[in-house]
Amino acid sequence: MIEPQYQWQLDQLPQDERVSQLQKQIGAQPLIAQLLVSRGYETPEAVQTFLNPTLDDLIDPYELHDMQKAVDRIFSAVDQGEKIVVYGDYDVDGITATTIMVSALEVLGAEVDYYVPNRFKDGYGPNVEVYKNLAEQGMQLLITVDNGISGKAAIETLMQYDVDVIVTDHHELPTELPSALAIVHPQFPEHPYPFTGLSGAGVAFKVASALLDAPADEWLDLAALGTVADVMPLTGENRTIVKLGLANLNEMQRPGIAALLQLAKISVDKLDAKTIGFQIAPRLNAIGRMDDAKLGVQLLLAEAEKPALELAQTIDQANQERKKLVESIAEAALEQAQNQFYSDSVLVLMGENWHEGVLGIVAARILEATGKPTIVLNQTGTIAKGSGRSLAAFDLFSAMDPHRDLYLSFGGHALAAGMTISVDQVPTVRKMLNEAAVEQAFDYQQKKVITLAGNINSRNFNSDFYEQLQLLGPFGEGNPEPVFALELDGVQNVKTMSEGKHLRFTGMDKRQLIPVVAWQKGALANELQGHFKKMTVVGTLDQNTYRGSTSYQLMVKDIEASGSALIDARTTHLTKPMFSKPATYLFFNHNLQKQLTPLISSAGQAMWWEDAFNVTQIDRAIFVDLPHTLDELHQVLAYVEIGSWETIFYTKNPAYLQKIPTRNYFSKFFKFIQQQNSIDLKNQFQAMEQYLNMDELMLKLLIKVFLDAKFVTIEDDFLKKVEKPDNVDLTTMPSYHNFLQKREVEAKLIYSTTAELEQLLNELAQGD
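What you are looking at is a predicted structure, and each value in this text was computed from that prediction instead of being measured. Think of each chain on its own: its residues are numbered from 1, step by step along the sequence as written. It should be noted that, the model being predicted, local features are given only for residues of pLDDT at least 70 and side-chain atom pairs only at 80 or more, the latter also being counted only at that level, while totals for whole chains, interfaces and linings use all residues. To obtain the side-chain values, all non-hydrogen atoms of the structure were included, while hydrogens and water were left out.

(A) Region of the structure containing the overall build of the chain. Elements are defined by DSSP. Helices are runs of H or I of four residues or more, strands are runs of E of two residues or more, and each kind is numbered from the N terminus. Secondary structure summary: the chain contains 26 helices and 27 strands in total. Taking 27 Å as the expected radius of gyration for a compact globule of 768 residues, we find that the chain reaches 36 Å, considerably beyond that expectation. Expressed along its principal axes, the backbone C-alpha trace of the chain runs to roughly 130 × 70 × 50 Å. Counting only contacts in the chain whose residues sit at least 6 apart along the sequence, the fraction spanning at least 24 positions is 66%. Approximately 36,600 Å² of the chain is accessible, and the part contributed by carbon and sulfur atoms is 47%. Working convention for charge: Lys and Arg count positive, Asp and Glu count negative, and His plus the chain ends are omitted. Positions of charges follow a simple convention, taking NZ of Lys, CZ of Arg, CG of Asp or CD of Glu. Taken as two groups, the 64 positive and 99 negative side-chain charges of the chain have centres that lie 12 Å from each other. We take the radius of gyration over the C-alpha atoms and set the globule estimate at 2.2 Å times the residue count to the 0.38 power. In this description, contact between two residues means that some pair of their heavy atoms is separated by no more than 4.5 Å. Residue-level accessible areas treat just the shown protein chains as cover; the underlying method is Shrake-Rupley with a 1.4 Å probe.

What follows is the structure in structure tokens.
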């Protein structure tokens, strides 16, 4: 049995006249039409705008608050030759916003410079000392991008230097706004913009468009990059920006992006929102985490291939170092997490020399592994600084915000937070967070919900369905990639990748074979070798092109399999690797258990079959040898909760391969015994085999039967006849009965097909 990690929730797709009409009018497949209607696009006109947005669908930039003020002041600065500084941020959204604003000002002929704060030296957002230095160096106009809305105190310091400030930002509005000349923000309360979900790069793009008095399509690629990287909703105007921006990226990459794609080994035709989110954005983010984010702006501003490639290599190297740091710190943090797991609902982990630039990533990694909100701190002397990550079921910000007196600094939102704490306050914070978990009724065992768009089968794994599905993209926040359920009759060719981390296998339904890839599910490899009554995988449809051949595969997000899994490992030869698995090895033969127990690794355990009734559950049972009867096996399967079965069913001397002794065998052996006074079994056994023309197993069986019938006795290894024995039916003797019973058990458990064995075990697993 494989339990799903998520709670599956099937989306109730519409099946009414709107869907039928859309199918006819635009030629969409039924499921595609249902998805469009469910996402609010019910008419051909609405669908056309959604599927093929144009520059005309962009909103007038002057709809943004203070846009006219900002444009007038910028043109005045350009005309007067004033020194303008663009003040950005060190994440991808901040880097792209900085690049857009600087590029647009350069087109206007402005005297412009930029400053990207250093995460470790300057911190996030407006910095008073940096502002003072810039003013003293001659700055006359400051334009913030992707920050500034919370910089009231820092911005006020510039008044004494007679420096004007234009704030362009998209973050949550504070209670007190800064005293800036202009605030360009899509959520400004007195002048809300028709679309409030713009990224920092999106706002910079709108300013650039206003300055040029036309859509600044030259920078749509950067606006798209910032929007996707900042996980903004890919609906409304953002969808237009990203859809058109991706088209620009596919047609012609600026040298910096082309260099990143080259190093990441990404072909242009694979460039989509997912590629940006998982390949490009992490590389650009890494430079801000590990070094100075201004290198990212330099990369995006680069006009020649050679310097762009050199910068990209530096950034890529920073990303590689970032990965190594994350792996190293995550390993140590996970060890701490295991120590706290059973006592704490919220994990607070701390170490020394943990690179502060990656602590948020590590916290997210621990959250994913444990299902618990996690704060990861780096201790330097008496100070600890770090980041926290949470999930929808626990509001991290509301838990921490009422206790600001415990922190030296703090900020964040429901799902993420950053903080600096005195080390001696860490235990108090840990206690406080776990009390908050009780107050919020947080249950880490409650599964996250994954919404399924519907059911598909092998008929959907083709170019027509895939291409129609891709028209719904770009996928991301607010416009999720559809997740489908696929029922399988079985799997084959299960293989692990990346040292056992990931899986690749072939799914089977009634029509054809389906390639399946499952990231981070390598631990299920052994279980998937088994056979289940029912198996369902959920995931997204993906295209795979290899050596010119294109196929369609499912990228798995979750798996559910019901009915105990059977792994058929029957063998006539035992090897040491068979006993290295993390499993319970069940024995029906005491002598064999005694012999093999030393071979079992520390990850497993040996267990006598009757002792299995004393345990609550066995995750994975390996039946090493044969039961004496099928009823013994029935008792274990029916009354012990077992997650998965693996069958070895080893026997040293198979009875099934022996001949059944007939009356002639009994008569021949009886006559021979009557002619002998005694037989030295130790020294004469082989000669007896040859004389009677019987193999060893047959002869041993006959001796056992004759002993049961009291036709013979054995004393000191000498076989002696019994004078005038009673007349008995030899076929009723226990040894003969046991022999026939062993043959029956072997026939059903050893000499059966996997399908026959699976059916038998499932029948035996039923209660009386």
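(B) Up close: the pattern of salt bridges. We define a salt bridge as a side-chain nitrogen of Lys or Arg found within 4 Å of a carboxyl oxygen belonging to Asp or Glu. Taken as a whole, this structure holds 25 salt bridges when the rule is applied. For K274, the salt bridge identified is with E481, shortest N-O distance 3.2 Å. Separated by 207 residues along the polypeptide, K274 in helix α12 (residues 273-290) and E481 in the loop between α18 (463-470) and β14 (484-488) bring together distant segments of the chain. Remark: exposure states derive from per-residue accessible area (1.4 Å probe, protein chains only) relative to the maximum for the residue type, with buried under 20%, exposed over 50%, and partly exposed in between. In this structure E481 comes out as buried when scored by relative accessible area, which is 17%. Between K721 and E723 there is a salt bridge, with its nearest N and O atoms 4.0 Å apart. For K721, a relative accessible area of 21% puts it in the partly exposed group. Take E723: its relative accessible area is 58%, and that puts it in the exposed class. Among the charged side chains, a network of salt bridges with common partners joins D16, R18 and E42.

(C) Looking closely at the sheet that holds strand β16 (residues 502-508). Here, a strand pair is defined by DSSP locating no fewer than two bridges between the strands. The strand order across the open sheet built from seven strands is β13-β14-β18-β19-β17-β16-β15, with neighbouring strands paired in mixed fashion. Two strands lie at the open edges of the sheet, namely β13 (454-456) and β15 (490-497), each paired on one side alone. This sheet shows a mean twist of 40° between the axes of neighbouring strands, independent of strand direction. Only the stretch in contact is used when a helix axis is fitted, and all axes are lines through C-alpha atoms; the angle between N-to-C directions ranges over 0 to 180 degrees.

(D) Up close: the nonpolar core. Grouped together as the largest cluster of nonpolar side chains are 90 residues, with contacts concentrated most on I74, I100, L105 and V362. Examining the composition of this core, we find that nine residues originate from one element, helix α14 (residues 305-340), more than from any other. Contacts of V362, omitting those with residues within four sequence positions, involve V326, I329, A330, A333 and V376. We define a nonpolar core as any set of buried Ala, Val, Leu, Ile, Met, Phe, Trp, Tyr and Cys residues linked to one another through side-chain atoms lying within 4.5 Å.

(E) Molecular detail of helix α17 (residues 426-439). Residue count minus one, scaled by 1.5 Å, sets the expected span of a helix. Its 14 residues place the ends of α17 20 Å apart at the C-alpha level, agreeing with the 20 Å of an ideal helix rising 1.5 Å per residue. Among the residues of α17, those classed as buried are V426, V429, M432, L433, N434, A436 and A437. On its buried face, α17 is in contact with β7 (347-352), β8 (374-380), β9 (383-389), α16 (396-400), β10 (407-412) and β11 (416-422).

(F) Quick look at the environment of E42. For E42, the location among the structural elements is in the loop between α2 (30-38) and α3 (44-51). Taking the relative accessible area as the measure of exposure, E42 reaches 37% and is therefore partly exposed. Along the chain, E42 and L699 lie 657 residues apart, while their C-alpha atoms are 84 Å from each other. When residues no more than four places from it in sequence are discounted, the contact partners of E42 are R18, L22 and V37.

(G) Representation of a nonpolar patch on the surface within the structure. Exposure above 30% relative accessible area and no salt bridge define the residues that can form patches, which grow by joining like charges within 9 Å and nonpolar side chains of Val, Leu, Ile, Met, Phe, Trp and Tyr within 5 Å. A contiguous nonpolar surface patch, about 310 Å² in accessible area, is contributed by Y656, L657 and Y751. Turning to its location among the elements, L657 is positioned in the loop between β24 (642-650) and α22 (663-674).

(H) Looking closely at empty space enclosed by the protein. Here the term cavity refers to a set of points on a 1 Å grid, laid over the protein atoms alone, in which a 1.4 Å probe fits but cannot get out; the term pocket refers to an open set having protein on both sides within 12 Å along at least five of seven lines, with lining residues being those that place an atom within 4 Å of a point. Grid points are joined across faces, edges and corners, and a volume is the space filled by probe spheres set on the points. For the coordinates displayed, the defined rule picks out one cavity of 30 Å³ or more. The volume enclosed by the largest cavity comes to roughly 30 Å³. Contributing to the lining of the largest cavity are L225, L249, I257, L271, I276 and I280. Per-class residue counts for the lining of the largest cavity are six nonpolar, no polar and no charged. Residue polarity follows a fixed list, in which Ala, Val, Leu, Ile, Met, Phe, Trp, Tyr, Cys and Pro are nonpolar, Asp, Glu, Lys and Arg are charged, and the others, Gly among them, are polar.

(I) Quick look at the layout of surface pockets. Reported here for the second largest pocket is a volume of approximately 900 Å³. N589, T651, N653, K704 and K742 are, among the 26 residues lining the second largest pocket, the residues nearest its centre. Those elements giving two or more residues to the lining of the second largest pocket turn out to be α20 (590-596), α24 (696-708) and α25 (734-749).

(J) Structural view of the packing of aromatic side chains. Between the rings of Phe, Tyr and Trp (Trp by its six-membered ring), a pair exists once the centres lie within 6.5 Å; its type follows the angle of the planes, with under 30 degrees stacked, over 60 edge-to-face, and the other angles tilted. All told, the structure shown has 22 aromatic pairs when counted by the stated rule. Consider the rings of F341 and Y342, whose centres lie 5.2 Å apart with planes at 85°: the pair is edge-to-face. Arranged with centres 6.4 Å apart and planes meeting at 15°, the rings of F588 and F623 form a pair that is stacked. Linking F588 in the loop between β21 (584-587) and α20 with F623 in strand β23 (residues 618-625), this pair joins segments that are 35 residues apart in sequence. For F623, a relative accessible area of 1% translates into the label buried. An aromatic cluster is built from F588, W609, F613, F623 and F649, whose rings are joined through pairwise contacts. Here, over-ring charges are defined by two tests on the NZ atom of lysine or the CZ atom of arginine: distance to the ring centre within 6 Å, and angle to the ring normal within 35 degrees. Its end group placed over the ring of Y444, K372 keeps NZ or CZ at 4.3 Å from the ring centre.

(K) Here's a closer look at the sheet that holds β7. One open sheet accounts for five strands, arranged β7-β8-β9-β11-β10; its pairing is mixed. With partners counted over all chains shown, the strands left at the sheet margins are β7 and β10, one partner each. For this sheet the average axis-to-axis angle between neighbouring strands, irrespective of direction, equals 15°. Note: β8 against β9, seven bridges, orientation antiparallel. The partner of V376 across the bridge, within β9, is S387. Packing of helix α15 (residues 359-370) onto the sheet brings it into contact with β7, β8 and β9, and relative to β9 it is tilted by some 50°.

(L) Representation of the pairing of strand β18 (residues 534-546) in the model. Judged from the five bridges that link them, β14 and β18 form a sheet pairing that is antiparallel. Counterpart to A485 in the pairing with β18 is V538. From the end of β18 to the start of strand β19 (residues 549-562), which pair antiparallel, there are two residues, and R547 there has a positive phi angle of about 50°.

(M) Examining the pairing of β19 more closely. With two bridges connecting them, strand β17 (residues 513-518) and β19 associate as parallel partners. In the sheet register, V516 faces β19, and the bridge partner there is L554.

(N) Spatial organisation of helix α10 (residues 236-251). Helix length check: α10 (16 residues) gives 23 Å between terminal C-alpha atoms against 22 Å at 1.5 Å per residue, within 8%. Contacts from the buried residues of α10 go to α3, α8 (200-212), α9 (220-229), α11 (255-264) and α12.

Don't take any of this as a statement about function, it's just geometry.
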